[in-house]
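Breakdown of the fold
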Amino acid sequence: MDKARTVCRLTVCFLCLLFPIAAGIGLFDIPQFDIWMLRSSFWVLFVATILFGAILVWSGWLNRHRLINIIISHRVGIVVAILSSVYLLVHEPHEFKLLPHEYNIASTARSMHLYRTYAIVDAGHTSVSGSTSVKARISEVSPFYPWLLSMVHGLTGYRPGNAFVLNGVLGFLSCVIMYALVTHWIGSSFGIISVLLFVGVPVLHEVVTGGGGEVLVILLLLGLLFQIRVFLDHPCIRNCVLLITVGFLLSCSSPFGSFLSLVLFLFIGLFGVIAPSRLWLFCLLSVCWIYPVLSSDWTDRPVLTGDLLFAISRISDGVVFLFDTTRSYANSPILSVIGLVSVVLLFVHILKTRDFMPAKESRDPKLFLLIIAACFFIVLFVSKGGWTDPRYSFESLYFYLMAVLIIPYVMRFGFGILYIGKSVYLLPVVFAIVSNGTWNAWGSPSRIKDPESVGMRLIDRFFRSEPSLENALYIGPGSCGAIVRKLSAMPIDYANLIPERIQLMMDLECYQHVYVGEWVAENGFLDEKDTVSPRFLLEIISEWAINDVLSFRLSRLVGVSDSVPGNETLPENLPLPFPAAGSPRMDGLVYISDLLNRPAKAANQ
Amino acid sequence: MILNIDKSQKVHITVGLASALVAVLLPFVVFSENDSVQAVKHFGYWGMLSLLMFFLWFLLYEIPSVYSLVKIVCKEWLPIVVSVLCSLYFMAHHKFEYRILFDEYVISNISLSMSARNKAASSSYEPRANAVVEPIVSKVDKRPVFFPFALSVVHDILGYSPYNVFLLNSILTFVLFLLLYRFVSSVSGKIWGLFSQLSVAGLPLVAMSSTSAGYEIMNLCWILVVCYFGVKYLFSDGTRYLDLFLVSVLILANCRYESILYSVVPVGVFLYKGLRDRSVAITPFASLSPLFLLFPLLSNRVFYSSEDHFQTTKDSFFGLDYFLKNFEGAFRFLFDISGIYSGSIFVSVFALLACLLLGFGVYSMIFRENRDRVGLGLLFFLVMFGAVVLANTCMALSMFWGDWRDPTTSRFSLPLHLLLVLLLPWSWSIVTNSKRPPWWIPALPMLYIVAWASCVSGREMIRPRFLGSYTYNKVFDEVLVDWNNDDTFVMTSATLGAALFGFYSESLVNSEQINRQLVNRQIGTGIYSRVLFSRLDSSSPFGGQTIDAFMGGEDGFENSKECSGFIIMDPVYRKKYMFDQEFRIGVIKGLKMPVPSADTVQVPEASDRAAE
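What counts as what
Residues numbered from 1 in each chain as written. Chains lettered and ligands numbered in written order. Predicted model: local features only at pLDDT ≥ 70, side-chain atom pairs only at ≥ 80, totals over all residues. Heavy atoms only, no water. Helix = DSSP H or I, 4+ residues; strand = E, 2+ residues; numbered from the N terminus. Buried < 20%, exposed > 50% of the residue type's maximum accessible area, 1.4 Å probe, protein only. Contact = heavy atoms within 4.5 Å. Areas by Shrake-Rupley, 256 points an atom, 1.4 Å probe, with all protein chains shown as cover. Core = buried A, V, L, I, M, F, W, Y, C linked by side-chain atoms within 4.5 Å. pLDDT = per-residue confidence, 0-100. 1 Å grid on protein atoms, 1.4 Å probe; cavity = no way out; pocket = protein on both sides within 12 Å on 5 of 7 lines; lining within 4 Å. Points joined across faces, edges and corners; volume = space filled by probe spheres on them. Nonpolar A, V, L, I, M, F, W, Y, C, P; charged D, E, K, R; others polar. Phe/Tyr/Trp six-rings, centres within 6.5 Å; stacked < 30°, edge-to-face > 60°. Lys NZ or Arg CZ within 6 Å of the ring centre and 35° of its normal. Axes fitted to C-alpha atoms, helices over the stretch in contact; angles between N-to-C directions. Parallel < 35°, antiparallel > 145°, perpendicular 65-115°, else oblique. Expected span 1.5 Å × (residues − 1). Buried area = accessible area lost by both parts, 1.4 Å probe. Salt bridge = Lys/Arg side-chain N within 4 Å of Asp/Glu carboxyl O. Polar contact = N/O pair within 3.5 Å; in protein donor to acceptor, adjacent residues only side chain to side chain. Patch = residues over 30% accessible without salt bridge, like charges linked within 9 Å, V, L, I, M, F, W, Y side chains within 5 Å. Pairing = 2+ DSSP bridges.

A look at the overall build of chain A
Helices and strands together make up the secondary structure of chain A, namely 25 helices and 7 strands. Within chain A, the fraction of its 605 residues that count as buried is 55%. Considering only residue pairs separated by 6 or more positions, chain A has 74% of its internal contacts joining residues 24 or more positions apart.

A few points about the overall build of chain B
Each helix and strand in chain B was counted, giving 24 helices and 8 strands. Evaluated residue by residue, chain B yields a buried proportion of 57% over its 612 residues. Restricting to contacts in chain B with at least 6 residues of sequence separation, those with at least 24 account for 75%. Summing over all exposed atoms, chain B offers an accessible surface of approximately 25300 Å²; the carbon and sulfur share of this is 65%.

Considerations on the nonpolar core
Across soluble globular proteins, you tend to see nonpolar side chains buried next to one another. Counting residues in each nonpolar core, the largest one holds 153 residues, and the members touching the most others are Phe-183, Phe-381, Phe-385 and Trp-426 of chain B. Of the residues forming this core, the biggest block, 15 residues, is contributed by helix H10 (residues 216–234) of chain B. Core analysis: the next-biggest nonpolar cluster, separate from the first, contains 114 residues, Tyr-87, Ile-268, Ile-372 and Ile-378 of chain A among them.

Side note on the confidence of the model for chain A
In this model, chain A carries an average pLDDT of 82, and 88% of its residues clear a pLDDT of 70 or more. At the level of individual helices and strands, chain A shows its lowest average pLDDT in helix H15 (residues 302–305) of chain A, which scores 58, and its highest in helix H6 (residues 144–156) of chain A, which scores 94.

A word on empty space enclosed by the protein
Residue and element names in this part refer to chain A. For the structure on display, the rule yields 10 cavities of 30 Å³ or more. Taken as a whole, the largest cavity holds about 320 Å³ of empty space. Along its surface, the largest cavity is lined by 28 residues, and Lys-97, Leu-98, Glu-206, Pro-390 and Ser-393 are the ones closest to its centre. Of all the secondary structure elements, the ones that give two or more residues to the lining of the largest cavity are helix H9 (202–208) and helix H21 (451–465). Residues belonging to the lining of the largest cavity are distributed by class as follows: 12 nonpolar, 6 polar and 10 charged. Approximately 150 Å³ is the volume found for the second largest cavity.

Structural notes on the packing of aromatic side chains
One pair of aromatic rings is described through two measures. These are the centre distance and the angle between the planes. In total, this model carries 67 aromatic pairs over all chains according to the counting rule given. Ring centres of Phe-42 of chain A and Trp-43 of chain A lie 4.8 Å apart, and the angle between their planes is 80 degrees; on these two criteria the pair is classed as edge-to-face. Looking at Trp-43 of chain A, the relative accessible area reads 33%, which means it is partly exposed. Between Phe-578 of chain A and Tyr-591 of chain A, the aromatic rings sit 5.6 Å apart at their centres with planes inclined by 85 degrees, giving edge-to-face as the arrangement. One end of the pair, Phe-578 of chain A, is in the loop between strand S7 (550–560) and helix H25 (585–596); the other, Tyr-591 of chain A, is in helix H25, with 13 residues separating them in the sequence. Clustering of aromatic rings is evident, with ring pairs tying together Tyr-45, Trp-46, Phe-55, Phe-146, Phe-149, Trp-222, Tyr-228, Phe-229 and Tyr-241 of chain B. Sitting above the plane of the Trp-61 of chain A ring, Arg-64 of chain A keeps its charged end 4.0 Å from the centroid.

Things to note about unusual backbone geometry
Look at the link from Leu-99 of chain A to Pro-100 of chain A: it is a cis peptide, with omega at 5 degrees. Along the chain, Pro-100 of chain A falls in the loop between helix H4 (75–89) and helix H5 (101–114). The phi dihedral of Arg-116 of chain A is positive, around 60 degrees, even though this residue is not glycine. Of note, Arg-116 of chain A is situated in the loop between H5 and strand S1 (119–126). The class of Arg-116 of chain A is buried, set by a relative accessible area of 3%. Not every positive phi belongs to a glycine, and Arg-278 of chain B is a case in point at roughly 60 degrees. Position of Arg-278 of chain B relative to the elements: it lies in the loop between helix H12 (264–277) and helix H13 (284–288).

Digging into the packing of helix H2 (residues 33–62) of chain B against helix H6 (residues 146–158) of chain B
All names here are of chain B. Between H2 and H6, whose axes approach to 10 Å, the crossing angle comes to 80 degrees. One element, H2, and the other, H6, form an angle in the roughly perpendicular class. Residues Tyr-45, Met-48, Leu-49 and Leu-52 of H2 touch H6, and the partners they reach there are Phe-146, Phe-149, Ser-152 and Asp-156. Among the residues making up the contact of H2 with H6, the classes are represented as 6 nonpolar, 1 polar and 1 charged.

Some thoughts on H6 of chain A
If you check H6 of chain A, its first and last C-alpha atoms are 18 Å apart, about what 13 residues at 1.5 Å a residue would give, namely 18 Å. Along H6 of chain A, 10 of the 13 residues are buried, which leaves the element largely enclosed by surrounding structure.

Section: the confidence of the model for chain B
Should the pLDDT be low somewhere, the predicted coordinates at that spot are not to be read in detail. Residues and elements named next belong to chain B. Mean pLDDT over chain B works out to 84, with 90% of the residues at or above the 70 mark. Note on residues 545–562: pLDDT under 50 across the span, and 68 contacts to partners over four residues away in sequence or across chains. Contacts from residues 606–612, a stretch scored under 50 in pLDDT, to residues over four places away or in other chains number 19 contacts.

Focus: the interface of chain B and chain A
Listed as interface residues are 31 residues of chain B and, on the opposing side, 35 residues of chain A. In this assembly, chain B packs against chain A so that about 2800 Å² is buried in total across both faces, 61% of it on carbon and sulfur atoms. Inspection of the region where chain B meets chain A yields 1 salt bridge. When the shortest N-O distance is used, the salt bridge between Arg-574 of chain B and Glu-509 of chain A registers 3.0 Å. On the surface where chain B and chain A come into contact, there are 6 residue pairs in polar contact (both at pLDDT 80 or more).

Focus: the environment of Val-141 of chain A
Residues and elements named next belong to chain A. By the secondary structure assignment, Val-141 is in the loop between strand S2 (131–138) and H6. With 33 residues separating them along the chain, Val-141 and Thr-108 place their C-alpha atoms 8.0 Å apart. Those residues within four positions of Val-141 in sequence are excluded, and the remaining contacts are His-101, Asn-104, Ile-105, Thr-108, Tyr-118 and Pro-146.

Comments concerning the side chain of Thr-283 of chain B
Tracing the chain through its elements places Thr-283 of chain B in the loop between H12 and H13. For Thr-283 of chain B, the side chain forms a polar contact with the side chain of Asp-243 of chain B, separated by 2.5 Å.

A word on a nonpolar patch on the surface
Residue and element names in this part refer to chain A. A surface patch of nonpolar side chains, amounting to about 940 Å² of accessible area, comprises Leu-308, Ile-312, Ile-315, Val-319, Phe-323, Val-337, Leu-340, Val-341, Leu-345, Phe-376 and Phe-415. Those elements that place two or more of their residues in the nonpolar patch are helix H16 (308–323) and helix H17 (333–353). Examining the composition of the nonpolar patch, we find that 5 residues originate from one element, H16, more than from any other. Take Phe-415: it is sitting in the loop between helix H19 (396–414) and helix H20 (426–435).

A closer look at the environment of Thr-126 of chain A
Residues and elements named next belong to chain A. Relative to the assigned elements, Thr-126 resides in strand S1. What makes Thr-126 buried here is its relative accessible area of 9%. Not counting residues within four places of it along the chain, the set of residues in contact with Thr-126 comprises Ser-131, Glu-470, Lys-486, Leu-487, Ser-488 and Tyr-511.

Focus on the pattern of salt bridges
Opposite charge on two side chains permits them to pair, given that their charged atoms come into close proximity. Residues and elements named next belong to chain B. Inspection of every chain in the model, using the stated rule, returns 26 salt bridges over all chains. For the salt bridge of Arg-143 with Asp-141, the shortest nitrogen-to-oxygen distance reads 2.5 Å. By relative accessible area, which is 4% here, Arg-143 ends up buried. Among the charged side chains, a salt-bridge network with shared partners connects Asp-103, Asp-141, Arg-143, Glu-216, Arg-256, Glu-258 and Arg-411.

Focus: the pairing of S1 of chain A
Every regular strand shows the same layout, with side chains that alternate between the two sheet faces. Residue and element names in this part refer to chain A. The buried fraction of S1 is high, at 8 of 8 residues. Bridge count for S1 against S2 is 7 bridges, and the pairing is antiparallel. Each residue of the ladder has a partner; that of Ala-119, found in S2, is Ile-138.

The following block contains the structure:
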C-alpha cells in the first residue's frame with residue numbers, strides 16, 4: 001500500500017515537473033511571454049523574495065530566544081566563517097571578470113533599478129546630469145542576481161561597484177550556510193573543516209570578487225540543501241513554503257539552478273514526505289517554474305542540439321581542469337583528489353548498505369547521489385563549454401561544493417571519525433594557501449584567461465580611469481558596460497547605420513570626445529557587425545595585444561567621410577531638419593535625443 | 001459662557017495685544033523701507049539668537065535628567081536606528097550640492113556674513129589695508145534669517161566651510177525623523193510613528209531637499225516642533241508648554257516666507273483651550289512674544305521694497321490664473337504613478353484613505369455624539385494646522401512660479417506632504433482613540449520604498465535637471481579649487497557663489513560705464529595675479545536667443561550683456577554642457593576702447609556702497 005502510494009506521489013510530481021521541462025525545451029510556446037517577462041520579472045521576483053524574507057523573519061522571530069544561544073555556542077564557527085570570507089576577498093581584483101556576460105548582468109540590474117524592466121541597454125545617451133536609454137533588448141541573463149543587485153542599488157544608491165559589495169556579502173553568507181549545513185548534519189568541527197576546504201578553491205575567489213551571480217547560486221543551493229533537511233525533519237507548511245521559495249529563487253539564479261531545484265523536488269517526492277493534502281501546492285507551484293525555465297536560454301545547449309560527442313569531450317576537459325597542477329586553471333587539485341576519493345567511497349558505502357528504501361537514515365547519501373548525478377548531467381549535456389575554458393570554469397564549483405560536503409560525511413560515517421584534532425584544521429588551511437596566489441591586478445599570473453574578457457577589461461579600466469569621459473561617446477563592444485559606467489555609448493553596428501548623425505553631434509559639441517573600440521584579428525574571423533564602417537576616420541590611441549592573433553584597439557573618431565556609392569546611409573537615418581530658430585529649448589533636447597534613436601536597418605541587415 | 005480671567009492675566013493680555021499692534025505698525029507704518037532693511041541687517045542676528053536662547057531656556061525646564069534621557073534612548077532604540085538608516089538612505093541616493101540657485105547661494109552667503117560680522121546681509125568681499133577683509137557691497141535679502149543664523153552657528157563652532165550647510169541639513173534630516181516619530185507616537189502610538197518615518201523616507205522630494213543647501217528641512221522640523229508642543233499645550237494644565245509652543249511658532253515664522261501663517265495656530269489653540277477650560281492663562285513671555293514677529297514682517301517689507309525681489313512684477317507675482325494652472329500640475333504631481341516626479345503616490349493614496357477615515361470620525365462625533373476630550377482636541381488642532389497648511393499651499397500655487405512638476409518648485413509642496421503623512425495616524429487616533437494599530441502597518445511604507453521609491457530616487461539622479469546648478473558646482477569643484485583665492489579676484493554679474501568659496505569678488509552692474517570703472521580699478525590695484533571674468537552662455541546651435549548667466553547663480557544675466565562686450569579676456573577654461581550651455585572663464589587682460597558718450601557716471605567708492 002505504502003509503495004503504491006509512493007509511486008502514485010512520484011508520478012504526480014513527475015508529471016507536474018514535466019510541464020516546465022516541456023516549456024523549457026520548446027514543446028509549447030507562450031505568446032507574448034517576452035514582453036511579459038520584460039515588464040514583470042522585477043515584480044515576480046519581488047513577490048517571491050518578499051515571501052521568502054517574510055517567512056525567514058517569521059521563523060527567526062519564533063526562534064528569537066534561541067538565536068543568542070546559537071550564536072554563542074557557535075562563536076568559533078562564526079569567526080571561521082568571517083575570516084574565511086575575508087580570505088575570499090583578498091586574492092583577486094574586485095572588478096568585472098567575465099565580459100561581456102558580467103556587463104549584461106550589470107546592465108540588467110541598472111534597468112531593473114531605474115526602469116523596473118528586465119532589459120540590457122545597448123545604446124544610451126548620457127549628458128552632464130542625465131541619462132537616456134536609446135536602445136534596449138530583453139535580457140538574457142538569469143534574473144535573480146540582477147534583481148538583487150538592483151535592490152542594493154535601490155537601497156544604497158546606484159554604483160557599478162555595488163556588485164562587488166553584494167558578492168562579498170553573499171560569499172560571507174555562503175560560508176555561514178555551509179557551516180550551518182554541515183554542523184546541522186554532522187557536527188560543528190566538520191562544519192569548520194568544510195568551510196576551510198571550500199574557501200581554498202581558487203575559482204570561488206574569482207566569482208566572489210567578480211560581477212557575476214555564481215556565488216548567489218552557490219548560496220541558494222546550500223540554502224536549499226539546508227531547507228530540505230529542515231523540511232524532511234519538520235514537514236510543516238512554513239518549511240514547505242520556505243523550501244519552495246528557495247527553490248524558485250535558485251531556479252531564477254541560473255539555468256543550472258532551475259534544473260537542480262527540479263531534481264531536488266523530485267527527491268522530496270521520492271521520499272514521500274509531501275502530505276496528500278499539500279500535493280496540490282507542489283502541483284500548482286510547478287507551474288511557476290515555467291518562468292525561470294523560459295527566462296534561461298536553453299536552445300543552444302548540447303542536450304537539445306544533439307551534439308553528444310561535443311558533450312562527452314567535456315569529461316576530458318573536466319579531468320584536465322580538476323587534476324591540473326600547473327596552476328593554469330582556477331582549480332584545487334588536492335581537493336579534487338580527496339573529493340573524488342570521497343565520492344567513490346560514498347558509492348561503496350551505498351552499495352554496501354544496499355538500502356534503497358526511503359528511510360530517514362539513508363536519505364543523505366541518496367541526496368548526494370542524486371545531486372552528483374544531476375551535476376554530472378549538467379556538465380555533460382547542459383554546459384556550453386568545458387571547465388578548461390575560463391568562461392565556464394565556475395561550473396566546477398558544483399563539483400567542489402559536493403566534494404566539501406561529502407568529505408566530512410565520509411570521514412564521519414565512512415571512517416567513523418567522531419572527534420577531529422585541532423591540528424587537522426591546519427590541512428585545509430594549507431591547501432587553501434598553496435592553491436591561491438595573486439601577482440598583480442590581473443590575478444594569478446599563470447592562469448589561463450579568456451581573451452575577450454581580457455580585452456574588455458582593458459576598456460573597462462579605460463572607462464574608470466578617465467574622469468573626463470562623462471562627456472564622451474563610446475562606440476564599440478561592451479557598449480552596455482560603458483553605459484553602466486555612465487558614458488554615452490552604442491554598438492558598432494548601430495553606429496555604422498548613422499554616421500552623419502554622429503558627425504552632426506560632434507559638430508554640435510554634444511560630446512567632447514568620441515572613442516571607438518574594436519577587435520583586430522589577423523585571421524579576420526570577426527563578424528561584419530563588429531567591423532567599424534570605413535567612413536569613420538579614426539586616430540588610434542592605443543592597441544592592446546591580447547594574444548598572437550587578437551588585439552583590442554581604441555581610437556578617437558576625428559570625422560566622418562562622405563559616402564561612396566554602395567555605402568550610403570539610408571535616407572531615414574540621415575539627420576532630421578533642425579528645429580525652427582527660436583523654438584523652445586526642449587525642442588533642441590528632443591532633437592538631440594532623436595539623433596541617436598532607432599535607426600532603420602537596410603534590407604540585407 | 002463665562003471665562004475666568006484674573007487681573008494679572010488681563011494685564012498680560014493687554015500687553016500681548018499691544019505687542020501685536022507694535023509688531024504690525026512698526027514695519028508697515030512707522031519704518032521706512034530703508035529702516036526695515038537696516039533693522040533686518042543689524043538686528044536680525046541678535047533677534048534670532050535671542051529666540052534660540054529662549055527656546056533652549058524653556059526647553060531645559062521640560063527636559064528630564066540625563067539619566068532619564070539615556071533610559072529613553074535605550075528604550076526607543078528602534079526609531080533612532082530607523083532615523084539613522086533613513087538619513088543614510090537619502091545621502092546614498094543624492095549628492096550633496098547646491099541645487100536651487102541663486103536662493104541657496106544667498107542663504108549661505110548671509111550665514112557667512114552673520115558668522116563673520118553678525119550682520120544679516122549677503123556680501124562680496126575685497127581685502128583692505130592690514131589684510132582686513134571688508135564687504136564691498138552688502139545686500140539685505142527678502143528671506144527670513146533663521147536658517148542662515150543656524151548655519152552661522154555651525155560655522156562658528158566648526159570653522160567656516162561652504163559645505164557646512166550639508167552637515168547642518170544632514171543633522172536636521174535625522175532630527176526630522178526623530179521629531180516625526182516623537183510627535184506621531186505621542187498622538188497615535190509607536191507603530192504609527194514608525195509608519196510616518198518610513199513614509200517620509202519614501203518621498204524623494206525630502207531626500208533632495210535634505211541634500212541641498214536650502215531651508216526646507218529646517219522648516220519641516222519646526223512645523224513638527226510646533227505641532228508637538230501645540231498638542232502638549234492643548235492637553236496640559238494651565239500655561240505649561242505655552243512658552244515653548246509660542247517660541248517654536250516664532251522660530252518657524254523666521255524659517256520661510258509663508259511660515260508666518262502658522263502664527264494663527266497658537267491663537268486658535270489658545271482660544272479653544274480657554275473656551276474648553278473656561279479660563280484663560282497667559283505667561284509674560286507670551287504677552288511679549290508678538291514682538292518677535294517683527295523680523296519676518298520686516299523681511300516681508302524688504303521683500304516688497306524692491307522690484308528686484310520679484311521675478312515678475314509686484315502685481316503679477318500672484319494670481320488666480322496661476323492657481324488654476326498650477327492646481328492641475330499639483331494634482332498630477334501628487335498622483336503621478338509613472339515615477340517622473342519626486343512625489344509619493346503612497347503618501348497621496350494613504351492621505352485619501354485618511355480623509356475617508358476622518359470623515360467617518362467627524363460623522364461619528366456629530367451624529368453619534370461620540371465625543372471624547374482628546375479626540376475633539378486633536379480634531380481641532382488638525383483642522384487648525386490643516387487649514388494653515390492648505391492656505392500655505394494655495395499661496396504657493398497662486399504664485400507665477402508654482403508648478404510643482406518643475407523640480408525647482410516641487411519643494412513648495414513639502415508642508416502639504418507633511419500634513420498628508422500625518423493625516424492617517426492622526427485620523428486613526430481621532431476615530432479609534434487607540435494607539436495600537438496592526439503591527440504590520442510600518443511594513444507598508446517599507447515595501448513601497450523597496451518596490452518603487454528607490455526607483456524614483458534613482459531616476460531623479462539621471463534626469464537632466466538643475467542644469468545651471470550642476471554647471472556651477474562642477475566649476476567650483478573642478479576648476480576654482482585649484483586656484484589660490486588670495487590673489488584671485490572674480491568680477492561677474494553675481495558673485496555670491498564666488499564669495500562663498502572664499503574668492504574676493506565684486507558684482508558688475510547694469511551699466512557699461514560703471515562696469516568699466518569697476519574693472520579698471522580692480523585690475524589697477526596690482527594685488528591680484530588674476531582678475532577673472534566668467535560667463536555661462538546658453539546659445540542654441542539651432543538659432544535662438546542667447547542667455548548669459550554668471551558665477552553666482554542665475555540672477556543677473558541681464559547685466560552681463562552690459563559687460564561682456566568691452567572686456568579683453570585670456571580664456572583659461574571653456575567647457576560645453578549639453579548642446580547649448582557653455583561655461584567660460586577668462587583672465588581680464590584689459591578693456592576695449594569705449595565709445596564716446598555724453599553722460600559720464602561716477603562710481604561710488606566701495607566703502608560708500610558698503611554702507612548703503
